[in-house]
2 protein chains.
Amino acid sequence: MTKIEEVKVIEIKKSIFADNNKDADALRGELKDRGVFLLNLMSSPGSGKTTTLIRTINLLKDRLRIAVMEADIDSDVDAVKIKEGTGVESIQLHTGGMCHLDAEMTRQGLDNLAPGAADLVILENVGNLVCPAEFDTGAVKNAMILSVPEGHDKPLKYPLMFSVCDLVLINKIDVMPYFDFDLDKCREYVHMRNPKASVIPICARTGEGVEAFAQWLLQEVEHWKN
Amino acid sequence: MTKIEEVKVIEIKKSIFADNNKDADALRGELKDRGVFLLNLMSSPGSGKTTTLIRTINLLKDRLRIAVMEADIDSDVDAVKIKEGTGVESIQLHTGGMCHLDAEMTRQGLDNLAPGAADLVILENVGNLVCPAEFDTGAVKNAMILSVPEGHDKPLKYPLMFSVCDLVLINKIDVMPYFDFDLDKCREYVHMRNPKASVIPICARTGEGVEAFAQWLLQEVEHWKN
């Protein structure tokens, strides 16, 4: 692991576009033309997004060119962690108190990455199960992490988040014995919101299941580029 | 435990007030006149707000008249759980997708409680560390729950939430051995954001530490009524 002192920090400006859905579609079109796959990764605070990304990127970085955009209200701890833990390009997006990113804000991040240097860009969205679900970032796919300590009932309480996600990673499965978490019930609730969603149980700390997430990403990127 | 089939569900309307801070102060004034203490309880999804409330209310319900307002995007599972687990008045506030409550929205909830029947009203805010921190609900005190699995670095990443809270409960301390959570560091980060904040470690599942939270509430309610 390399000790990183500084990463690029972008202060994101509020969007001026009235129609975010239209703008998000336009951004997806541009990404398609440039052969770039953008993944929007969402979750609650503390569910393990950054640790999951470090594990996954280390599995994939010899096969894909990867860059990461870390969105946060404040601090640059996540972007630094990614750069230290993987060596891939990692920038921090400051949302200035805003609880989500929309397509135009995502574009501001993309414009600050080295041009043409990544096949896969991962946006780690603000830790929040409400607002990020309401704004299409222009990503090709949406994924979210639900961690075991949060409870299997979350798809009942945050319906929109689960209905917009193509993939749900269930993280921290190593602590399942200490929590009242029912994986079958969780799958059932996820599919109640989105019958097509993939569900992959993982443990980012030990690496269990992360290979399956890496495979999912590889397939999706290949599909997008062809 | 009584099986509860139905609770009152209030569909909250968007506020029309331009100056929420002024409105929140006005609401606090009204609460003072009526001798009602309103606690605004915030946290991430799945940090244990509802379980903590059930434990705490059962310790206090013979000494205080208590009512609970459960805010959620959707579902009424929390209000039902509170009513089943404690027997106190419990209503569900639906925010219709909104990620927070402001003072006017809180007032809509209060207006739907039985008049004059509670000394202590607890508002369980939407599970979110970003937006609820930005809106004064008119509560007398703000408290939040940070659970061990979320990590001790959260005050660094969600500064506003920690700076507006008078009390931080650290929940799920029973699983501390399985997580990389440093309680001293967490206290230090909390006090970096708000030097006056009280920090109480608890385990809502086993009841450990909940008596200390109940004592804090008793003192605050007494202070407010005198």
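Everything in this summary refers to the structure shown in the same document. What you see is a predicted model, and the numbers here were worked out from it, not measured in a lab. (Residues numbered from 1 in each chain as written. Chains lettered and ligands numbered in written order. Predicted model: local features only at pLDDT ≥ 70, side-chain atom pairs only at ≥ 80, totals over all residues. Heavy atoms only, no water.)

**Re the overall build of chain A**
- For chain A, the count of helices and strands is eight helices and eight strands.
- Seen through its C-alpha atoms, chain A measures out along the principal axes to roughly 45 × 40 × 40 Å.
- Burial statistics for chain A: of 226 residues in total, 61% are counted as buried.
- Sequence separation of 24 or more characterises 77% of the internal contacts of chain A that already satisfy a separation of 6 or more.
- Counting only carbon and sulfur atoms, one obtains 50% of the accessible surface of chain A, whose full area is about 9,100 Å².
- Averaging the positions of the 26 positive and the 35 negative side-chain charges in chain A gives two centres separated by 2 Å. (Helix = DSSP H or I, 4+ residues; strand = E, 2+ residues; numbered from the N terminus. Buried < 20%, exposed > 50% of the residue type's maximum accessible area, 1.4 Å probe, protein only. Contact = heavy atoms within 4.5 Å. Areas by Shrake-Rupley, 256 points an atom, 1.4 Å probe, with all protein chains shown as cover. Lys, Arg positive; Asp, Glu negative; His and termini not counted. Charge placed at Lys NZ, Arg CZ, Asp CG, Glu CD.)

**Considering the side chain of Ser43(A)**
Residue and element names in this part refer to chain A.
- You can see Ser43 is positioned in strand 2 (residues 37-43).
- Judged by its relative accessible area of 0%, Ser43 is buried.
- Within the structure, Ser43 has its side chain in polar contact with the side chain of Ser47 (distance 2.5 Å).
- Not counting the four nearest positions on each side in its chain, Ser43 is found in contact with Lys49, Val126, Gly127, Asn128, Leu129 and Ile145. (Polar contact = N/O pair within 3.5 Å; in protein donor to acceptor, adjacent residues only side chain to side chain.)

**Some details on the packing of aromatic side chains**
- With the rule as written, the count across this model stands at four aromatic pairs over all chains.
- Above the ring of Trp224(A), the side-chain terminus of Lys32(A) is found at 4.6 Å from the ring centroid. (Phe/Tyr/Trp six-rings, centres within 6.5 Å; stacked < 30°, edge-to-face > 60°. Lys NZ or Arg CZ within 6 Å of the ring centre and 35° of its normal.)

**A look at the state of the cysteines**
Residue and element names in this part refer to chain B.
- Counted by the stated rule, this structure contains zero disulfides over all chains.
- A disulfide-free cysteine, Cys186 has its sulfur positioned 12 Å from the sulfur of Cys165, the nearest such atom.
- Its relative accessible area of 1% is what places Cys186 among the buried residues.
- Here Cys203 stays free of any disulfide, with the sulfur of Cys186 as its closest cysteine sulfur at 16 Å.
- Here Cys203 falls in the buried class, since its relative accessible area comes to 1%. (Disulfide = S-S within 2.5 Å.)

**Topic: unusual backbone geometry**
- At Lys172(A), a residue that is not glycine, the phi angle is positive and equals roughly 65°.
- Structurally, Lys172(A) can be placed in the loop between strand 7 (167-171) and helix 7 (183-193).

**Here we look at the relation of the copies chain B and chain A**
- Once chain B has been moved 0.0 Å along the axis and rotated by 180°, it coincides with chain A to within an RMSD of 0.0 Å. Taken together, these values place the two copies in the relation of a two-fold axis. By C-alpha distance to the rotation axis, the residue of chain B lying nearest is Asn128(B), at 2.9 Å.
- Both copies contact each other with a shared surface, as 100% of the interface residues of chain B are interface residues in chain A too. (Least-squares fit on C-alpha atoms with pLDDT ≥ 70 in both.)

**Side note on the packing of helix 2 (residues 49-60) of chain B against helix 8 (residues 210-225) of chain B**
Residue and element names in this part refer to chain B.
- Packing of helix 2 against helix 8 brings their axes to within 9 Å, and their N-to-C directions diverge by 65°. Helix-helix and strand crossings are classified by hand; for helix 2 and helix 8 the assignment is right-handed. Judged by residue contacts, Thr52, Arg55, Thr56, Leu59 and Leu60 of helix 2 engage Val210, Glu211, Phe213, Ala214, Leu217 and Leu218 from helix 8.
- When the residues that make up the contact of helix 2 with helix 8 are grouped by side-chain class, the tally is seven nonpolar, two polar and two charged. (Axes fitted to C-alpha atoms, helices over the stretch in contact; angles between N-to-C directions. Left-handed = near helix turned anticlockwise from the far one by under 90°. Nonpolar A, V, L, I, M, F, W, Y, C, P; charged D, E, K, R; others polar.)

**Here we look at the sheet that holds strand 1 (residues 8-11) of chain B**
Residues and elements named next belong to chain B.
- Strand order in this open sheet of eight strands is 1-4-3-5-2-6-7-8, and the pairing throughout is parallel. What marks the edges here is a single partner per strand, and that holds for strand 1 and strand 8 (198-201). In this sheet, neighbouring strand axes are inclined to one another by 20° on average, regardless of whether the strands run parallel or antiparallel.
- Two strands pair when backbone bridges link them, and strand 6 (residues 141-147) and strand 7 (residues 167-171) are joined in this way by five bridges, in the parallel orientation. In the sheet register, Ile145 faces strand 7, and the bridge partner there is Leu169.
- Across the face of the sheet, helix 4 (residues 103-110) comes into contact with strand 1, strand 2 (37-43), strand 3 (66-72), strand 4 (89-94) and strand 5 (120-124) while running at roughly 130° to strand 3. (Pairing = 2+ DSSP bridges.)

**Quick notes on the pairing of strand 4 of chain B**
Residue and element names in this part refer to chain B.
- Counting buried residues along strand 4, five of its six residues qualify, which places the element largely inside the surrounding structure.
- Note: strand 1 against strand 4, four bridges, orientation parallel. If you follow Val9 over to strand 4, its bridge partner there is Gln92.
- In the sheet, strand 3 pairs with strand 4 via six bridges, with the strands oriented parallel. Counted as the bridge partner of Ala71 is Leu93 from strand 4.
- Traced from strand 3 through helix 3 (residues 77-86) to strand 4, the parallel crossover comes out right-handed. (Right-handed = clockwise from strand over helix to strand, strands pointing away.)

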